[in-house]
Amino acid sequence: MSSPCRDPERSVAETHLLPIAVVTFLALSANDAMAQQGAAPDADSGPDSVSVTGLFPNGGAPPAQDPVGARFEESKLAIADGKQLFNQMNCTGCHFNGGGGMGPALMSGHWRYGGQMDQIYASIAQGRPNGMPSWQFVLQPQQIWELAAYVKSLSMTAPISASETAAPGASVKP
Amino acid sequence: MMPFPALQSLRRHRRQDPTDSIRSSRWRRVLLAAASLLLYPALAGAQTPTVPASAAPFDDGQWTMPAKNYAATRYSALDEINGANVSNLQVAFAFSTGVDHGQEAAPIVANNTMFIVTPYPNIVFALDLTKPGAPIKWSYQPHPAAAAQGVACCDVVNRGASYSDGKIFFNTLDDNTIALDAETGKVLWKTNLGDINTGETITMAPLVVKGKVLVGDSGGELGVRGWLTALDIATGKILWRAFATGPDKDVLIGPGFRSFYPSDNGADLGVTTWPTDAWQTGGGTMWGWIAYDPDLNLIYYGTGNPGPWNQEQRPGDNKWTTTLFARDPDTGAAKWALQYNPHDEHDYDGINEQILVDMNVDGKPRKVLLHPDRNGHLYVVDRESGEIVSANPYGYVNSVLRVDLNTGRPVMNPDKLTRVGVVVHDICPTASGLKDWNPSAFSPLTGLMYIPHENLCMDWKSRSVSYIAGTPFVGAEVVSKPGPGGNRGEFTAWDPVAGKAVWTIKEDLPLWSGAMATAGGLVFYGTMDGWFKAVDAKTGDLKWQFQTGSGIIGQPVAYRGPDGHEYIAILSGVGGWAGAIVSGDLDPRDPTGALGMIGVMADLKTKTAPGGTLYVFTLPRS
């Protein structure tokens, strides 16, 4: 099964939709080394075979994780580039700095559609039915991996209970 | 009677235990009504504002539009439930909406049927009030596009339906207006008004005026271009659309347009007060309230914030965002405009309610409207000319020094203006304003306006943002915090003639529910931790409260049931912008989340949980 997000040329062609300033920024932010290694998801285990369910009938098992994701996960460079993309693509407008708003929280450790790198990649590329847009025609695979790396990093702080942070902030002095 | 909450206090503390448990009887009610007739005008003298009769006709005991009447008083003339017996109030029936998002809708009552609209997926329930327990008469599921949830800025709310001519009119989050047969729930027509891929949604309650359904759009945080549209109630055909930005022909500004203040007059200001083409993504959406004066044949409504929030990307006045419009409902033609917050820098939308009253100003009778703006000032505006009669702060404000009555413009505090890369601290009020969408009430008995509002401030840092259609177009990082005193909410009784507060109830949490006043001398509102309260309209003394199980951000209503008795209804169910941390299960560790609201609502998950339930109260029958 093929997918538009596999085709780097098409992805690049579609970036003309973005404001020129953003395109310039994206070009600068690309990591040449990683691009040369090939960021497109692996065909046999890539995001298109990602499952977002935990049920596999008749003894089935989840597909193997896409090995490409491991190259980006916990890469400081990928996370930094992903963070910049997160701002440039207005992801912050919905998810803010991980707490969420229009979109769900990304730092809570709870994942509606899976928290593996390839699952996060798939959610960004394909979009999700309750309001997540599809970015596969706007971003290159490498950029989506970088975003996934940043999103994944948001959840790496140990979850704490809501009551521990239940302070509404100091009040303003008149 | 339930105990008083620990954090509630009264500035003018004349608490009175409602121990009088004498059952209400007819003669007693008559006596009370007569006493109040004698008492209230005597107290207020000739200065008491009156409500124009054409906009608020004789109360038939129904509640057919969210604001009760065209004057938007949210005042019920029913007086069976009053200060002497309200402590006996009990649940008549309850109903689960089955939807866990913020319930902002007003229950609508017509022909012994109650109609409620849920948040997304916008299910309409008709409940048969003639039968025990008010069972479902019919329900209707519009199945809006699920993706619409991703472009709704502040929870997936709906502010309710309107009833007229045997039809129920309501809007869906994915930009449709639908007319249903009120008796059967059958779809009469459905008209698409927008595209979610531009970031456009609809959350407001429509208003029916002269055979037209008036509908506006949401999406001021997504670079949506705002409008108000009129649809034919019989066919759903679009009759006119008035944009808030762009050339005069789009804004429906023509030869008959004359604003009171010079800066609100000029050709194509909706284009020339913006950088090139920025008006096309400039906001000015209309997701709030419309009032109508049948005598002047004018509708009144305000427009939302300009986009993006980062003001440096849009030098100019940014007309006609945050603007009060007076329009002819027949044609949509604008008669005058008043821009509350030219070049808004703080997200101070102008969509809050307008209450129509006639009152003496300096000994002269004036037709005015009362508008508590997000910028913290209570505007008294002449309905004929658009002149600001007065504009006084109704809570703590430091971003606006005063409103200049010669120019109509606010005088901004230079220390609280926003800029790119700089954190400006302690701007009061916060982005959601001293008051957000939740509507006030006005009682002709007391002459007072009852304002449920917030006491929040914020830190703000602007940053540059690119427009990508269908994504947020904000460009600001905000962290909200409690205002002076630490109480995040206030319920203020306001004297519009004197231009000052008479009493204020401090609430721990921001108030996100509407208010309602009754001829029983009571005012009702709810809190975000689930308390539904009745207070004395004259003193603010708490007379009764009931814990509904989830935070209240809805609109209370009163109606006469088929049995001839008075009922009070409210939807419970936390959410909305201020409650999104609960309804959206957001993470309290990110104070910038939900456009900065998490910063001040981090504790809400410890105080309430989601869940939508209608509660209807009445007195026990003897």
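In this report, the structure presented in the accompanying data block is examined. (Residues numbered from 1 in each chain as written. Chains lettered and ligands numbered in written order. Predicted model: local features only at pLDDT ≥ 70, side-chain atom pairs only at ≥ 80, totals over all residues. Heavy atoms only, no water.)

Details of helix H8 (residues 141-154) of chain A
Heads up, the condition is: The way it works is that DSSP assigns letters per residue, a run of H or I at least four long becomes a helix, a run of E at least two long becomes a strand, and they are numbered from the N terminus. By this rule, a helix spans an expected 1.5 Å times one less than how many residues it contains. We call a residue buried when its accessible area falls under 20% of the maximum for its residue type, exposed when it is over 50%, and partly exposed in between, using a 1.4 Å probe and counting protein chains only.
Between its first and last C-alpha, H8(A) extends 20 Å over 14 residues, near the 20 Å set by a 1.5 Å rise per residue. With 13 of its 14 residues buried, H8(A) lies for the most part within the structure.

Some details on helix H7 (residues 117-126) of chain A
Residue and element names in this part refer to chain A. We apply this condition: In this analysis, two residues are considered to be in contact whenever any of their non-hydrogen atoms come within 4.5 Å of each other.
Of all ten residues that make up H7, nine are buried, and the element is covered over most of its length. Within the sequence span of H7, burial applies to Met 117, Asp 118, Gln 119, Ile 120, Tyr 121, Ala 122, Ser 123, Ile 124 and Ala 125. Where the residues of H7 are buried, they touch helix H4 (67-72) and H8. Note on H7: the residue one or two positions beyond its end, Gly 127, has a positive phi of about 80°.

Examining the nonpolar core
Residues and elements named next belong to chain B. As a reminder of what qualifies: Nonpolar cores are built from buried Ala, Val, Leu, Ile, Met, Phe, Trp, Tyr and Cys residues. Side-chain atoms within 4.5 Å join them into one set.
Counting 71 residues, the largest nonpolar core has Ile 290, Ile 299 and Leu 370 as the members making the most contacts within it. The biggest single contributor to this core is strand E20 (residues 355-361), with five residues. Excluding its chain neighbours within four sequence positions, the residues that come into contact with Ile 290 are Met 204, Leu 207, Leu 214, Leu 228, Ile 299, Tyr 300, Tyr 301 and Gln 354. With 52 residues, the next largest nonpolar core counts Ala 105, Tyr 140, Ala 569 and Ile 570 among its residues.

Describing the packing of helix H5 (residues 76-88) of chain A against H8(A)
All names here are of chain A. Here is the rule: Helix axes use the C-alpha atoms of the stretch in contact, all axes being lines fitted to C-alpha atoms, and the angles between their N-to-C directions lie in the range 0 to 180 degrees. Throughout this description, any angle smaller than 35 degrees is read as roughly parallel, any larger than 145 degrees as roughly antiparallel, any in the 65 to 115 degree range as roughly perpendicular, and the remainder as oblique. When residues are sorted by character, Ala, Val, Leu, Ile, Met, Phe, Trp, Tyr, Cys and Pro go into the nonpolar class, Asp, Glu, Lys and Arg into the charged class, and all the rest, Gly among them, into the polar class.
In the contact formed by H5 and H8, the axes pass within 7 Å of each other and the chain directions differ by 95°. Between H5 and H8, the crossing angle belongs to the class labelled roughly perpendicular. Contacts between H5 and H8 involve Ala 78, Ile 79, Asp 81, Gly 82, Lys 83, Leu 85 and Phe 86 on the former and, on the latter, Gln 143, Glu 146, Leu 147, Ala 149, Tyr 150, Val 151 and Ser 153. The class makeup of the residues in the contact of H5 with H8 is eight nonpolar, three polar and three charged.

Quick notes on the sheet that holds strand E17 (residues 298-302) of chain B
Residues and elements named next belong to chain B. Quick note on the threshold: A pair of strands is considered paired only if DSSP assigns at least 2 bridges between the two.
An order of E16-E17-E18-E19 is seen for the four strands of this open sheet, with the pairing classed as antiparallel. Each end of this open sheet is capped by a strand with a single partner; those strands are strand E16 (290-293) and strand E19 (334-339). Adjacent strand axes in the sheet meet at a mean angle of 15°, parallel and antiparallel pairs treated alike. In this sheet, strand E18 (residues 323-327) lies alongside E17 in antiparallel orientation, the contact comprising four bridges. What sits directly across from Ile 299, in E18, is Arg 327.

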